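Structural overview for review
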Amino acid sequence: NLALVRSHQGRAAEAESLAVWANEGFRREHGSEHLDALSAANNLALVYFEQGRYDEAEALFKETLERSRRLRGEQHELTLRYASNLASVLAGQGRLEDAAPYCEEALAGYTALLGDRHPTVLEARSDLAMLLEQLGRLAEAESLLVGVVKLAPEVLGPEHPMVYAFSNNLAGLLQVSNRHAEALPLLEAAYRYNLRQRGPRQPACSASRNAASAFASSPRRAWICASAIRWPNTPRPTVVKHGWRTA
């Protein structure tokens, strides 16, 4: 999607022009209820999101989600992706209570559609856990993250980078709960992974090493170091390509 490429390059005006052109073109050619028109609207909303125009992004994401529910059904994979995107823009505005139901909808739908042992389901669980942590619902967040950390090596493979991203998220949650001794093995594992994959001079390796070693002198310092290498606290909206379908 050229509009999204231009957006990532910082060429905001050009990105918006392309995304508006695609959105209007698909609506004019096929009508607003066509599936490609939904994809174009989602991608225009994403351009707005990248520009920080959250009100416009939210309106388009809501419209796209409602139309997808009607046309595809509530448990279609793209409907669930649109729900995740709406959660992202709400969380980006600090509206965590509003975002939580959409994260929960996405997780429930992905689990029913794909089963427990699927990468998308693991990411949806982690996204919801991070949001719940910010809401202070630590026990619920921990339950989700513990399950993710347990399953991730089996589902993704023991050396997959997300295995250690999930572990870092759990370590951060444990430190928020003042359970620093339980967090330390997770931080040490992240350091060893980064050492294997990237070498000792890479920033991620240094950050994970500092987080683990800081524990002995100051649990608070360890928490600050670990926070620098955690997976993003809120999910990012995702692109939907025109013409893409799922069964």
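Placed above this text is the structure.
Quick summary incoming for the structure in this document. Predicted model, so just to flag it, every value in this text is computed and none were measured.

Check the secondary structure of the protein and you find twelve helices and zero strands. In the protein, the order of α-helices and β-strands from amino to carboxyl end is α-α-α-α-α-α-α-α-α-α-α-α. Across the 247 residues in the protein, those meeting the buried criterion constitute 46%. Restricting to contacts in the protein with at least 6 residues of sequence separation, those with at least 24 account for 60%. For the protein, the exposed surface amounts to about 11500 Å²; the carbon and sulfur share of it is 52%.

The subject of this paragraph is the nonpolar core. Counting residues in hydrophobic clusters, the biggest one holds 56 residues, and the most contacted among them are Val89, Phe166 and Leu170. Once residues within four sequence positions are removed from consideration, Phe166 is found in contact with Leu122, Glu123, Ser126, Val148, Val149, Ala152 and Leu156.

The next thing to look at is the environment of His76. Counting through the fold element by element, His76 comes out in the loop between α4 (54-72) and α5 (77-92). The sequence separation of His76 and Tyr110 amounts to 34 residues, and the corresponding C-alpha distance is 8.6 Å.

How each quantity is defined
- Residues numbered from 1 in each chain as written.
- Predicted model: local features only at pLDDT ≥ 70, side-chain atom pairs only at ≥ 80, totals over all residues.
- Heavy atoms only, no water.
- Helix = DSSP H or I, 4+ residues; strand = E, 2+ residues; numbered from the N terminus.
- Buried < 20%, exposed > 50% of the residue type's maximum accessible area, 1.4 Å probe, protein only.
- Contact = heavy atoms within 4.5 Å.
- Areas by Shrake-Rupley, 256 points an atom, 1.4 Å probe, with all protein chains shown as cover.
- Core = buried A, V, L, I, M, F, W, Y, C linked by side-chain atoms within 4.5 Å.

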